[in-house]
Each structure stands twice: as structure tokens, then as C-alpha cells.
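# Commentary on secondary and tertiary structure
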Amino acid sequence: QVQLVESGGGLVQAGGSLRLSCAASGRTFSNYAMGWFRQAPGKEREFVAALSRSGGSTNYADSVKGRFTISRDNAKSTVSLQMNSLKPEDTAVYYCAADETFARFSVSVSAKTYDYWGQGTQVTVSS
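Residues numbered from 1 in each chain as written. Predicted model: local features only at pLDDT ≥ 70, side-chain atom pairs only at ≥ 80, totals over all residues. Heavy atoms only, no water.

With that settled, the discussion passes to the overall build of the protein chain. Along the protein chain, the regular secondary structure elements total 0 helices and 11 strands. Along the protein chain, from the amino end to the carboxyl end, the secondary structure elements read β-β-β-β-β-β-β-β-β-β-β. The C-alpha atoms of the protein chain give a radius of gyration of 13 Å, which matches the 14 Å a tight globule of 127 residues would have. Each of the three principal axes of the protein chain carries a C-alpha extent, and together these read 40 × 25 × 25 Å. (Helix = DSSP H or I, 4+ residues; strand = E, 2+ residues; numbered from the N terminus. Rg over C-alpha atoms; globule rule 2.2 N^0.38 Å.)

Encoded structure:
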């Protein structure tokens, strides 16, 4: 079992930046590929970014490429999402997720792949 707790959400103006963090506890963090997803009101949950167990592989949604960066610190059991050049359409609840996988370079975009989820943190970008 892994517990995930997100932090760092808030209200920011368009063009601004936020850094989300996700702290994991419970099991060996390096056994998990990590992902960020988001869900806007009235929309389905969508993939944002993923990072492999080792941190050697990444995957990003086209809508955030070049603006968002996912990273992890296995020693601290944390994964972060640096979000720059934020747009109003980035407004959503952001969720951290963990995928228990033997594949060292797995970076799944499918929410069904992920085994554990945090409670989410709200990000609001004003125009």
C-alpha cells in the first residue's frame, strides 16, 4: 500500500508558475512509476505527465509539453510537477498517481494502469 499526498496547488494568474509536490509513504518509492493527472469540472480525468521508476523516461500530454516538467527524488519519496506559462485551461484538480511496475522505463498515460492515487490539489489559473 502506498499513500500519496499532494500539495502546492493554488490560484495563479495566466502566465504564472506553480510547483506541485506529491509525498509518498508506505512502500519502496523507487518501485513505482509516477504520474500526474488532472480533472476539470465536467470533464474526464486526463493524463498530464509520467516519470519512470528510475526517472530516465518521461511522457507528457501534448497540451503541456514545453511548459510542465515532472521530476522525482527517490531518496525523499517525492514527485514534483513544475508548471510554467500556465493557462486558464490548465485549471483543474491535479492528482498524483503511482504505478507499481517491474518495467523500469514504464511511463503509462492510462489512468487504469495506476494503482494508487492521492486526494488531489486544486489549481486555478485566472485570465
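Glancing now at the environment of Val 125. Note that Val 125 resides in strand β11 (residues 121-126). Discounting residues that sit within four places of it in the chain, Val 125 has contacts with Val 12, Gln 13, Ala 14, Leu 86, Lys 87, Pro 88, Asp 90 and Thr 91. (Contact = heavy atoms within 4.5 Å.)

A word on the state of the cysteines. By the definition in use, this model includes 1 disulfide. A sulfur-sulfur separation of 2.1 Å characterises the disulfide bridge that pairs Cys 22 with Cys 96. Where Cys 22 bonds to Cys 96 through sulfur, the torsion about that S-S bond is close to -75°, and the disulfide is left-handed. Taken together, the positions of Cys 22 in strand β3 (residues 18-25) and Cys 96 in strand β9 (residues 92-100) put the pair 74 residues apart, joining distant regions of the chain. (Disulfide = S-S within 2.5 Å.)

Quick look at the pairing of strand β5 (residues 46-51) now. Among the 6 residues of β5, 5 are classified as buried, and the element is accordingly described as predominantly covered. In this sheet, β5 lies alongside strand β4 (residues 32-39) in antiparallel orientation, the contact comprising 5 bridges. For Phe 37, the partnering residue across the bridge sits in β5 and is Phe 47. Hairpin connection from β4 to β5: 6 residues lie between these consecutive antiparallel strands, with Gly 42 at a positive phi of about 80°. Summarising the sheet, β5 and strand β6 (residues 58-60) pair through 3 bridges and their orientation is antiparallel. Bridge pairing in β6 places Ala 49 opposite Tyr 60. (Buried < 20%, exposed > 50% of the residue type's maximum accessible area, 1.4 Å probe, protein only. Pairing = 2+ DSSP bridges.)

Its identity as a non-glycine residue notwithstanding, Ser 77 has a phi of 55°, on the positive side. By secondary structure assignment, the location of Ser 77 is in the loop between β7 (68-73) and β8 (78-83).

A word on the sheet that holds strand β1 (residues 3-7). Read across the open sheet, the 4 strands follow the order β1-β3-β8-β7; overall the sheet is antiparallel. Each edge of the sheet is formed by a strand with only one pairing partner; in this case those strands are β1 and β7. With direction set aside, neighbouring strand axes in the sheet form an average angle of 15°. (Axes fitted to C-alpha atoms, helices over the stretch in contact; angles between N-to-C directions.)

Let us now look at the pattern of salt bridges. This model, assessed by the stated rule, comprises 5 salt bridges. As a salt-bridge pair, Lys 65 and Asp 62 come within 3.3 Å of each other at their nearest N and O atoms. For Lys 65, a relative accessible area of 49% translates into the label partly exposed. Salt bridges here are not isolated pairs; linked through shared partners, they connect Arg 38, Glu 46, Arg 67 and Asp 90. (Salt bridge = Lys/Arg side-chain N within 4 Å of Asp/Glu carboxyl O.)

Leu 4, Trp 36, Leu 81, Met 83 and Tyr 94 are the most contacted members of the largest nonpolar core, which has 37 residues in total. Residue assignment for this core shows that the elements contributing at least two residues are β3, β4, β5, β7, β8, β9 and β11. Those residues in contact with Leu 4 that sit more than four places away from it in its chain are Cys 22, Ala 23, Ala 24, Met 34, Cys 96, Ala 97, Ala 98, Tyr 116, Trp 117, Gly 118 and Gln 119. (Core = buried A, V, L, I, M, F, W, Y, C linked by side-chain atoms within 4.5 Å.)

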